[in-house]
Amino acid sequence: GDSFYAVDETAVDAQRQAKPWTQDATYFKRVAVSPAASTKMLAHAQRGCEAGVKAGGKPLEVMGLLLGYPDADASKRRLVVTDALPLPVTGFETSVVADDDNVVNYMIALSDLVEKTRKERLMGWYHSHPFDVDEDHDNCFFSSTDLSTQLSWQNAEDPQGNPFLAIVLDPLRSAAKNSAALAAFRAYPPAYTPPANQCPDGEICADDARRVEVWGSCWHRYYQLDLEYFMSGQARAIVDVLNRSHLWAKTLSESHREDTTDRVAKIADKLARAPGAQPPRAPRLGGYGGLDALGAGAG
């Protein structure tokens, strides 16, 4: 995990100059996400759920930007996400779009600040899909709006040496399963034709209704990247101490549970009764957590 914090800037710059992703529609195969980024995305998505329900309506979708870089080792074909920066954008049912003038100005100011204070670049965006939980799959997929947004970003940023990424989160499933439900995607260029009946995860599915149910109507125009988490040795040691003293688990169990207890309880029960369901897993504290935010920026 420590290697992600000691970046070979010369090698990264060489990657940006070569731009191999502009010649290969599926060049990137995986994404590495820091604990700071994953924690901040999930917390932001949870706040959107609580804000919508508290106002007497449905959970709100939220949106933010990702900070990172293409891995210095070109053979990895990997993007690295070091931080997540929430945006003042909310919406309903796949309608989150940053097209408000105030939001655009906010993004411009944020971009200028990042350029002056960070070595990474704004290299992606995230948003949440707080929809009712399905028993056998999550809600991490691209709507037509999501696909259009991602294509616009890729068309603008990829040729500039800044390959752009999208992450979609399912906060209600994450809460019900006690395990992060998020997925990373990139869009296919318009001229690219994927294999027949190939879903974003690479599987071939001949059932058109099933493809649309799981991946949306744009299932054939984007693909999913494998996702992994990384943590520095120092942060891992701190988390181990907290795990042993039970403080971390206590904090998680008491934070932001009251407003969504009933909804999450119903979802958890629904998942538990699903065919082939497994008992809920404990939070994967060793794999990712919020402590690295101390070194990667507060949110």
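Residues numbered from 1 in each chain as written. Predicted model: local features only at pLDDT ≥ 70, side-chain atom pairs only at ≥ 80, totals over all residues. Heavy atoms only, no water.

### Points about the environment of Met41
With respect to the helices and strands, Met41 occurs in helix 2 (residues 35–54). For the pair formed by Met41 and Val62, sequence separation is 21 residues and the distance between their alpha carbons is 9.3 Å. (Helix = DSSP H or I, 4+ residues; strand = E, 2+ residues; numbered from the N terminus.)

### Thoughts on the packing of aromatic side chains
Applying the stated criterion across every chain yields a total of eleven aromatic pairs. Between Phe185 and Trp215, the ring centres sit 6.4 Å apart and the planes meet at 85°, which makes this aromatic pair edge-to-face. On the criterion of sequence distance, the pair formed by Phe185 in strand 6 (residues 182–187) and Trp215 in helix 6 (residues 208–215) is long-range, its members being 30 residues apart. A network of ring pairs unites the aromatic residues Phe142, Phe185, Trp215 and Tyr222 as a single cluster. (Phe/Tyr/Trp six-rings, centres within 6.5 Å; stacked < 30°, edge-to-face > 60°.)

### Brief notes about the nonpolar core
Core analysis: the largest hydrophobic core is formed by 31 residues, its most contacted members being Leu65, Leu87, Phe142, Leu147, Phe185, Trp215 and Tyr222. The dominant element in this core, judged by the number of residues it contributes, is helix 3 (residues 101–117), at four residues. Ignoring any residue separated from it by four or fewer positions in sequence, one finds Leu147 in contact with Phe142, Ala187, Cys218, Arg221 and Tyr222. Counting 24 residues, the second-largest nonpolar core is a separate cluster that includes Met41, Met123, Tyr126 and Ala184. (Core = buried A, V, L, I, M, F, W, Y, C linked by side-chain atoms within 4.5 Å. Buried < 20%, exposed > 50% of the residue type's maximum accessible area, 1.4 Å probe, protein only. Contact = heavy atoms within 4.5 Å.)

### Considering helix 2
Across its 20 residues, helix 2 extends 28 Å between first and last C-alpha, which sits within 8% of the 28 Å expected from 1.5 Å per residue. Of all 20 residues in helix 2, 14 are buried; the element is thus mostly enclosed. Gly56 occupies a position one or two residues after helix 2 and carries a positive phi of about 90°. (Expected span 1.5 Å × (residues − 1).)

### Focus on the environment of Gly68
Residue position: Gly68 is located in strand 2 (residues 61–70). Sequence-distant contacts of Gly68, that is, excluding residues within four places in its chain, are made with Arg16, Val80, Val81, Thr82, Glu120, Arg121 and Met123.

### Points about the side chain of Asp158
Relative to the helices and strands, Asp158 resides in the loop between helix 4 (144–157) and strand 5 (165–169). With sequence-adjacent residues up to four places away left out, Asp158 is seen in contact with Lys19, Trp21, Thr22, Trp153, Pro163, Phe164 and Arg186.

### Focus on unusual backbone geometry
Phi at Arg77 takes a positive value of approximately 50°, unusual for a residue other than glycine. Mapped onto the elements, Arg77 comes out in the loop between strand 2 and strand 3 (78–91). Judged by relative accessible area, Arg77 falls into the partly exposed class, the value being 31%.

### Description of the side chain of Ser34
Position of Ser34 among the secondary structure elements: in the loop between strand 1 (30–33) and helix 2. From its side chain, Ser34 meets the backbone oxygen of Thr82 in a polar contact 2.7 Å long. (Polar contact = N/O pair within 3.5 Å; in protein donor to acceptor, adjacent residues only side chain to side chain.)

### Considering the pattern of salt bridges
Taken as a whole, this structure holds ten salt bridges when the rule is applied. Here Arg77 makes a salt bridge to Asp24, at a shortest N to O gap of 3.1 Å. Taken together, the residues Arg77 in the loop between strand 2 and strand 3 and Asp24 in the loop between helix 1 (9–18) and strand 1 connect sequence positions 53 residues apart. Between Asp71 and Arg78 there is a salt bridge; the shortest N-O distance is 2.7 Å. Judged by its relative accessible area of 8%, Asp71 is buried. Residue Arg78 is classed as buried on the basis of its relative accessible area, which comes to 11%. (Salt bridge = Lys/Arg side-chain N within 4 Å of Asp/Glu carboxyl O.)

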